[in-house]
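# Close look at the chain arrangement
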Amino acid sequence: MKRKADYTLDFRGTISTIALLKVTQVFNDMKPMETIEILGCDEDTRRDLFRVLPEASYDLIYNAEVIAQPCYHCVCLRKRSSGVSIPTGR
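Residues numbered from 1 in each chain as written. Predicted model: local features only at pLDDT ≥ 70, side-chain atom pairs only at ≥ 80, totals over all residues. Heavy atoms only, no water.

Before going further, it helps to examine the overall build of the protein chain. Looking only at helices and strands, the protein chain features 2 helices and 4 strands. The linear arrangement of helices and strands in the protein chain, starting from the amino end, is β-α-β-α-β-β. The proportion of buried residues among the 90 residues of the protein chain is 37%. Within the protein chain, contacts between residues separated by at least 24 positions form 67% of all contacts whose residues are at least 6 apart in sequence. Approximately 5,700 Å² of the protein chain is accessible, and the part contributed by carbon and sulfur atoms is 54%. (Helix = DSSP H or I, 4+ residues; strand = E, 2+ residues; numbered from the N terminus. Buried < 20%, exposed > 50% of the residue type's maximum accessible area, 1.4 Å probe, protein only. Contact = heavy atoms within 4.5 Å. Areas by Shrake-Rupley, 256 points an atom, 1.4 Å probe, with all protein chains shown as cover.)

Most of strand E4 (residues 72–79) is tucked away, with 7 of its 8 residues classed as buried. Here 8 bridges tie strand E3 (residues 58–66) to E4, and the two strands are oriented antiparallel to one another. Its bridge partner being in E4, tyrosine 58 is matched across the sheet by lysine 79. From the end of E3 to the start of E4, which pair antiparallel, there are 5 residues. (Pairing = 2+ DSSP bridges.)

Attention now moves to the packing of aromatic side chains. Applying the stated criterion to the full structure yields 1 aromatic pair. An angle of 40° between the planes, with centres 6.1 Å apart, marks the rings of phenylalanine 50 and tyrosine 58 as tilted. Since its relative accessible area comes to 8%, tyrosine 58 is described here as buried. The side chain of arginine 12 reaches across the aromatic face of tyrosine 72, ending 4.4 Å from its centre. (Phe/Tyr/Trp six-rings, centres within 6.5 Å; stacked < 30°, edge-to-face > 60°. Lys NZ or Arg CZ within 6 Å of the ring centre and 35° of its normal.)

With that settled, consider the environment of lysine 79. With respect to the helices and strands, the residue lysine 79 is situated in strand E4. C-alpha separation for the pair lysine 79 and phenylalanine 27, spaced 52 residues apart in sequence, amounts to 7.6 Å. Once residues within four sequence positions are removed from consideration, lysine 79 is found in contact with Phe27, Asn28, Met30, Lys31, Pro32, Met33, Glu34, Ser57 and Tyr58. Reaching out from lysine 79, the side chain makes a polar contact with the backbone oxygen of asparagine 28 at a distance of 3.5 Å. (Polar contact = N/O pair within 3.5 Å; in protein donor to acceptor, adjacent residues only side chain to side chain.)

In structure tokens:
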């Protein structure tokens, strides 16, 4: 049985910079070992997502293209317990 993510953010049809800001805010508020599923990442947002989140702060659970109408990407990450924080510009 597939485990449901602790947080799900659906960015289909949103502006990528707003999506990335929201991901960093939610990720910083997450507890270690919680998961976040990000839906609707276009190619640029998905690439930038892995640039704004330090690699040491998460484990990649899956990164898949969902074949639907229209197609979109789905990324699931688990926060590590390293205590790495991501600046959000607040």
